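Residues per chain, in single letters:
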Amino acid sequence: MEKQKPRVYVTRIIAEKALNLLATECEMKLWEGAMPPPREVLLEAVREIDGLVSLLTDKVDEELLKQALNLRVVSNVAVGYDNIDVNAATRHGIPIGNTPGVLTETTADLTFALMMAAARRLGESERYIRDGKWQTWDPTALLGVDIFGATLGIIGMGRIGQAVAKRARGFEMHVIYCGGGHGYQSQLIGATRREMDELLRESDFVSIHCPLTPDTHHLIGERELGMMKPTAILVNTARGGIVDPKALNTALKNKQIGYAALDVTEPEPIHLDDPLLTLDNCLIVPHIGSASVRTREKMAMMAVENLLAGLKGERLPHCVNPTVYNR
Ligand code: DGY
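Criteria and thresholds
- Residues numbered from 1 in each chain as written.
- Predicted model: local features only at pLDDT ≥ 70, side-chain atom pairs only at ≥ 80, totals over all residues.
- Heavy atoms only, no water.
- Domains from an automatic or database assignment.
- Contact = heavy atoms within 4.5 Å.
- Salt bridge = Lys/Arg side-chain N within 4 Å of Asp/Glu carboxyl O.
- Polar contact = N/O pair within 3.5 Å; in protein donor to acceptor, adjacent residues only side chain to side chain.
- Core = buried A, V, L, I, M, F, W, Y, C linked by side-chain atoms within 4.5 Å.
- Buried < 20%, exposed > 50% of the residue type's maximum accessible area, 1.4 Å probe, protein only.
- Helix = DSSP H or I, 4+ residues; strand = E, 2+ residues; numbered from the N terminus.
- Arc of directions from axis to C-beta.
- Pairing = 2+ DSSP bridges.
- Axes fitted to C-alpha atoms, helices over the stretch in contact; angles between N-to-C directions.

Moving on, we get to the domain arrangement of the protein chain. When the domains of the protein chain are assigned, the result is domain 1 (7–102 + 293–326) and domain 2 (104–284). Centre-to-centre separation of domain 1 and domain 2, based on C-alpha positions: 31 Å. The interface of domain 1 with domain 2 comprises seven residues on the first partner and five residues on the second. Residue Arg 239 is joined to Asp 82 by a salt bridge in which the shortest nitrogen-to-oxygen separation is 2.8 Å. Along the contact surface separating domain 1 from domain 2 lie three residue pairs in polar contact (both at pLDDT 80 or more).

Residues Ile 14, Leu 22, Leu 152, Met 173 and Phe 205 are the most contacted members of the largest nonpolar core, which totals 52 residues. Ranked by residue count, the leading element in this core is helix α12 (residues 293–311), at nine residues. Mapped onto the domain boundaries, this core takes at least three residues apiece from domain 1 (7–102 + 293–326) and domain 2 (104–284).

This paragraph deals with helix α6 (residues 122–130). Within the span of α6, buried status applies to Gly 123, Glu 124 and Tyr 128. Relative to the axis of α6, the buried residues are bounded by an arc of 140 degrees and lie together on one face. Buried residues along α6 sit in contact with β11 (259–262) and β12 (282–284). Gly 132 sits one or two residues past α6 and shows a positive phi near 75 degrees.

Turning our attention to the sheet that holds strand β7 (residues 174–178). Read from one edge to the other, the open sheet built from seven strands follows the order β8-β7-β6-β9-β10-β11-β12, with strand pairing classed as parallel. Strands at the two margins of the open sheet, each flanked by one partner only, are β8 (192–193) and β12. Sheet topology note: the β11/β12 ladder contains three bridges and is parallel. Residue pairing in the sheet places Ala 260 in a bridge with Cys 282 of β12. Its contacts with the sheet place helix α5 (residues 104–119) against β6 (151–155), β9 (205–208), β10 (233–236), β11 and β12, and it is angled at close to 150 degrees to β10. Here helix α11 (residues 245–253) sits on the sheet in contact with β10, β11 and β12, set at roughly 140 degrees to β11.

Written as structure tokens, this is what we have:
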């Protein structure tokens, strides 16, 4: 008799190559909506499954895990996993997979794109043309700040922070950083450690690359924004919840800082009536840090590899809660 294939649920359409592999190895149910599956649909779906491929838009918490009696593995198609209650998963004996490494360079590219776009006011410049304001070459219009030779403060020197620091070398930036990271090699990257307050005071650009945890929630608030230079540019490609949006709005409106360029917001998606969207000195893009064709395929493949390993009872190649194996 043919062995029954493991049952898996995939919460959104991901790269075709990854879906094809899953469909060969598993009995796959795919949520094909453009929006994430509603909570009640997901809660119902997990009752039957052995493996779940989730996205950062899917909340995997105690309530869900309690219903998922056969669940053996959750594989998140993201490096970040703040959508998952990892402690609860560990308690339930469920390994959680993520996708580190493959999106590092793509996210660092976007970080630099945002830094440059903010520094040279590209959003405003584009609107200037569309609004019919480009009448002549104007020696005083749309003046920005230089990136070359400026000081870049990196909060969180993990993989992405380091990849941003490497790019900064090409612009002869002076790079300082605070917070830890994976295998940071200061001699290769040439960044100098600072306390966070010093970093905020000294930096022309502050770029956030730490994970969102209870400790980093609203890490950048009124006090921290108040320490930054009035010309400083804040870039966030990590998680929206690391910056207090109300405090940011006030700081930008009152020109306490120069500019913010955000790939991530709190909440996501940002509400259309959010005051940040009314500010000229705020550039916002919709969480596209890892959004290149190649990287999204790599993420999807890595997530499937994690899932298949978990279904076979093997250690996940990229597991965020390895203590689950000590049980
Ligand atoms: C992640 O992987 O955590 C990003 O936010 C989405 O690619």
